[in-house]
Amino acid sequence: MHQVIKPKILYFGTPVVLISTLNEDGSTNLAPMSSAWWLNDSCMLGMSNRSQTVRNILREGRCVLNLPSAELVTAVDRLALTTGREDVPDDKAQMGYVYEPSKFEVAGLSATPGEPGWPDRVAECPVQMHAALEEARDFSSPHLAALELRIVQTWMDDSILNSERRHHVDPDKWRPLIMSFTEFYGLGAQLHPSRLAQVF
Ligand SMILES: Cc1cc2nc3c(=O)[nH]c(=O)nc-3n(C[C@H](O)[C@H](O)[C@H](O)COP(=O)(O)O)c2cc1C
């Protein structure tokens, strides 16, 4: 029996992304988010435009998308309820958010120094992507932004690559951290051979 309900949120389970962006002083801000998906070499992000991250992306036109594996869950959780905005927005302050200028230290993560003009990458994340902003628009409300990005360079750790085909990720080795209805999960084992995989 299905119930008609008014769901408070619709976060059905998406990979967590740690986004690094350049602050105005050239330091790197780091923020967790999970409203993200990819198609070809493009990515869509949904994020509050009151975040330091969106401000930095709109100003600089670029960011790094670092994808943590499930084993990095405690580091990611340490970043929850922090913002790189010194003037913490009122609604966030009421929820307990605090200004944190040193996100890498707080999370216990290491910074791989950025390429010239790019923010630092998260050394522990098996997937790291340079992304350039293509388009930004409001999404659902004036407080939320939909950002379309183009992936311009990708780093993958050896540990997740297919041993025979080095430009392919092995899904049996890639263990993403998933956020579902604001809780953290990992993925289970493969369920069934995929017919789509045969044609890719
Ligand atoms: C696991 C996780 C997932 C999150 N997903 C999103 C998201 O998809 N969109 C968003 O606007 N905020 C999301 N947040 C909240 C942001 O991290 C929060 O707004 C943070 O203050 C942004 O940091 P910044 O202000 O330094 O950019 C998420 C937080 C956590 C811990």
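Placed above this text is the structure.
Starting afresh in each chain, residues are numbered from 1 along the sequence in its written order. Per-residue local features of the predicted model are confined to residues with pLDDT of at least 70, and side-chain atom pairs are confined, for both listing and counting, to 80 or more; whole-chain, interface and lining totals are unaffected and use all residues. To obtain the side-chain values, all non-hydrogen atoms of the structure were included, while hydrogens and water were left out.

K.L.:
Could you clarify how one ought to interpret the sheet that holds strand β3 (residues 28-33) in this entry?
P.N.:
Each strand in a sheet pairs with its neighbour through backbone hydrogen bonds, running either in the same direction (parallel) or in the opposite one (antiparallel). With respect to topology, seven strands assemble into an open sheet ordered β3-β2-β6-β11-β12-β5-β4, the strand pairing being antiparallel. Of all the strands in the sheet, just β3 and β4 (36-39) have a single pairing partner and so form its edges. For this sheet, the mean inter-axis angle between neighbouring strands, taken without regard to orientation, is 30°. Note on pairing: DSSP must find at least two bridges between two strands before they are called paired. By definition, any uninterrupted DSSP run of H or I lasting at least four residues is a helix, any uninterrupted run of E lasting at least two residues is a strand, and each is numbered from the N terminus. Relative to strand β12 (residues 141-156), strand β5 (residues 42-48) runs antiparallel, the two being bridged by seven bridges. Its bridge partner lying in β12, C43 is registered against L149. Working rule for contacts: check all heavy atoms of both residues, and any pair within 4.5 Å makes them a contact. Angles run from 0 to 180 degrees between N-to-C directions of axes, and those axes are lines fitted to C-alpha atoms, restricted for helices to the stretch in contact. Sheet strands in contact with helix α1 (residues 52-60) are β2 (17-22), β3, β5, β6 (62-67), β11 (127-139) and β12, and its direction is about 50° off that of β2.

K.L.:
Before we go on, may I ask you to explain the site of the ligand in this structure?
P.N.:
Throughout this document, a residue counts as near a molecule or strand when at least one of its heavy atoms sits within 4 Å of that molecule or strand. Near the ligand lie 21 residues; those nearest to it are P32, T53, T83, G84 and K92. The definition of a polar contact used here is a pair of N or O atoms within 3.5 Å, where within protein one atom must be able to donate a hydrogen and the other to accept one, and adjacent residues in sequence count solely through side-chain atom pairs. Here a nitrogen atom of the ligand and a backbone polar atom of S34 are 3.0 Å apart. The separation between an oxygen atom of the ligand and a polar side-chain atom of T83 is 2.6 Å. For every accessible area listed, the method is Shrake-Rupley and the probe measures 1.4 Å; residues are considered covered only by the protein chains on display. Against a free-state accessible area of 630 Å², the protein chains account for coverage of 89% of the ligand.

K.L.:
Quick question: what am I supposed to make of the pattern of salt bridges here?
P.N.:
Once their charged atoms are close, side chains differing in charge can pair, the charge on each being opposite to the other. Whenever Lys or Arg places a side-chain nitrogen within 4 Å of a carboxyl oxygen from Asp or Glu, that contact is recorded as a salt bridge. Enumeration over the complete set of coordinates arrives at five salt bridges. With a shortest N-O distance of 3.1 Å, E60 and R59 are connected by a salt bridge. According to the relative accessible area criterion, E60 is partly exposed, its value standing at 31%. The shortest N-O distance in the salt bridge between E115 and R121 comes to 3.4 Å. Only protein chains enter the accessibility calculation, which uses a 1.4 Å probe; a residue whose area is less than 20% of its type maximum is buried, one above 50% is exposed, and one in between is partly exposed. The exposure class assigned to E115 is partly exposed, which follows from its relative accessible area of 33%. Classification of R121 as buried rests on a relative accessible area of 7%.

K.L.:
Can you help me understand the sheet that holds strand β1 (residues 14-15) in this one?
P.N.:
Pairing is antiparallel across the open sheet formed by three strands, whose spatial order is β1-β13-β14. Each edge of the open sheet is held by one strand with a lone partner, namely β1 and β14 (183-185). Pairing geometry for β1 and strand β13 (residues 178-180), over two bridges, is antiparallel. Looking at the pairing, T14 lines up with M179 of β13.

K.L.:
In this structure, what is going on with the packing of aromatic side chains? I would like to understand it.
P.N.:
For this analysis, a ring pair means two rings from Phe, Tyr or Trp (six-membered ring only for Trp) whose centres lie within 6.5 Å, classed as stacked if their planes differ by under 30 degrees, edge-to-face if by over 60, and tilted for the remaining angles. Counted under the stated rule, the structure contains one aromatic pair. Between F12 and F181 the ring centres are 5.3 Å apart and the planes differ by 90°, which places this aromatic pair in the edge-to-face class. On the criterion of sequence distance, the pair formed by F12 in the segment before β1 and F181 in the loop between β13 and β14 is long-range, its members being 169 residues apart. Among the residues examined, F181 registers a relative accessible area of 35% and is labelled partly exposed. We call a charge positioned over a ring when the NZ of a Lys or the CZ of an Arg lies within 6 Å of the ring centre and within 35 degrees of the ring normal. Note that K92 overlies the ring of Y97, its terminal NZ or CZ placed 5.0 Å from the centroid. Taking the ring centre of W155 as reference, the NZ or CZ of R121 above it sits at 3.7 Å.

K.L.:
Which parts of the structure should I look at to understand the side chain of N29?
P.N.:
Structurally, N29 can be placed in strand β3. Here K103 takes part through its side chain, which lies 3.1 Å from a polar atom of the side chain of N29. Ignoring anything within four residues of it in the chain, the contact list for N29 reads I19, S20, T21, N23, Q52, T53, N56, G84 and K103.

K.L.:
Sorry, what's going on with the nonpolar core here?
P.N.:
In summary, soluble globular proteins display a tendency toward joint burial of nonpolar side chains. Ranked by size, the top nonpolar core spans 22 residues in total, and within it V17, I19, M33, L45, C63, L65 and L149 carry the most contacts. Looking at this core, the elements with two or more residues in it are β2, β3, β5, α1, β6, β11 and β12. Counting residues per element, this core draws most heavily on β12, at four residues. Within this scheme, the nonpolar core is defined by two criteria: the residues are buried Ala, Val, Leu, Ile, Met, Phe, Trp, Tyr or Cys, and they are joined through side-chain atoms within 4.5 Å. Of all hydrophobic cores here, the second largest spans 14 residues; its members include A75, L109, V122 and L177.

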